[in-house]
Amino acid sequence: MVKKTARASHGTPAVVALEKAGVPHTLHPYEHDPSSDLSYGMEAAEAIGVDAPQVFKTLLADIDGKLVVGVVPVDRKLDLKALARAAGGKKAAMAEPAAAERATGYVVGGISPLGQKTRHLTVLDESAEAYDVVYVSGGRRGLDIGLAPSDLLTLTAGKTAPIARD
């Protein structure tokens, strides 16, 4: 049995995409606690020592039969109507977790907006523009990536819009 090196353990498709594109980023691994009462995103914010509004979760919604990625701060909720407007659609509902996992290649709680199996329209909440660095899932539970919001938008061919609500 071959032992994985620490570097290899971070080789998720998200990290590979960043390295291939030469985008500056930081990796923030932490020990995921399955017994935690915190959401995945709030657990990440606490574990890496970053304020929750600067840590973003990746959610998938079905808009008029098409999957769309919404990226919002972990302390807020995705506004489905606002996401539908931003995507040029009418009817939106959260994607089933199994559909999100199949479409992205990641597991719920570790879905990254980067390196997804299939590229989807990606909308980043406009609050990200207030930060030089935002943190998103690195493609597995227990790994976050810090990068500039502009680089996130470039790599996902995404756009910003007001898609978060309290």
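Throughout this document, residue positions are counted from 1 along each chain, in the order its sequence is written. Two thresholds apply to this predicted model, a pLDDT of at least 70 for residue-level local features and 80 or more for giving and counting side-chain atom pairs, whereas whole-chain, interface and lining totals are computed over all residues. Remark: hydrogens and water are excluded; side-chain values derive from all non-hydrogen atoms of the structure.

Caption draft 1: Helix α2 (residues 13-21), seen in detail. We call a residue buried when its accessible area falls under 20% of the maximum for its residue type, exposed when it is over 50%, and partly exposed in between, using a 1.4 Å probe and counting protein chains only. In DSSP terms, a helix is any run of H or I states spanning at least four residues, a strand is any run of E spanning at least two, and both are numbered starting from the N terminus. Of the residues making up α2, those classed as buried are Ala-14, Val-15 and Leu-18. Projected down its long axis, α2 carries its buried residues within an arc of 95°, all on one side. In what follows, residue pairs with any heavy atoms lying within 4.5 Å of each other are defined as contacts. Looking at the buried positions of α2, the neighbouring elements they touch are β1 (26-29), β8 (143-147) and α6 (149-156). Of the residues trailing α2, Gly-22 is marked for its positive phi of about 70°. Regarding the arc, it is the one traced by the directions from the helix axis to the C-beta atoms.

Caption draft 2: Structural view of the pairing of strand β6 (residues 121-125). With four of five residues buried, β6 lies mostly within the body of the structure. The criterion for strand pairing is that DSSP finds at least two bridges linking the strands in question. Where β6 lies against strand β9 (residues 159-161), three bridges are found, and the strand directions are parallel. Residue pairing for β9: Leu-124 is matched across the bridge by Thr-160.

Caption draft 3: Representation of the side chain of Asp-125. You can see Asp-125 is positioned in strand β6. Buried charge without a partner: Asp-125 forms no salt bridge, and the closest opposite charge is Arg-76, 4.2 Å away. Distance and chemistry together define a polar contact, namely a pair of N or O atoms within 3.5 Å, with one atom able to donate a hydrogen and the other to accept it when in protein, and with adjacent residues in sequence counting only for side-chain atoms on both sides. A polar contact of 2.9 Å, which involves the side chain of Asp-125, links it to the backbone nitrogen of Ile-163. At 3.0 Å, the side chain of Asp-125 and the backbone nitrogen of Ala-164 are in polar contact. Note that His is not counted, nor are the chain ends; the positive residues are Lys and Arg, and the negative ones are Asp and Glu. For this analysis, a salt bridge means a side-chain nitrogen from Lys or Arg found within 4 Å of a carboxyl oxygen belonging to Asp or Glu.

Caption draft 4: View of the sheet that holds strand β7 (residues 134-137). The sheet built from three strands is open, its strands ordered β1-β8-β7 with antiparallel pairing. Looking at strand neighbours, the two that pair on one side only are β1 and β7, the edges of this open sheet. Put simply, the sheet's adjacent strands are angled 30° from each other on average, direction ignored. Across four bridges, β1 lies against β8 in antiparallel orientation. Bridging from a neighbouring strand, His-28 pairs with Asp-144 of β8. Helix axes are fitted only over the stretch in contact, all axes being lines through C-alpha atoms; the angle between N-to-C directions runs from 0 to 180 degrees. Its contacts with the sheet place α2 against β1 and β8, and it is angled at close to 25° to β8.

Caption draft 5: Quick peek at the pairing of strand β3 (residues 66-73). β3 sits mainly inside the fold: seven of its eight residues count as buried. Where strand β2 (residues 56-63) and β3 come together, eight bridges link them in antiparallel fashion. Residue Leu-60 lies in a different strand from β3, and its bridge partner there is Val-69. Counting the residues between successive antiparallel strands, the hairpin from β2 to β3 contains two residues, one of them, Asp-64, with a positive phi of roughly 50°. The pairing of β3 with β6 spans four bridges and is parallel. Paired with Val-68 across the strands is Leu-121, a residue of β6.

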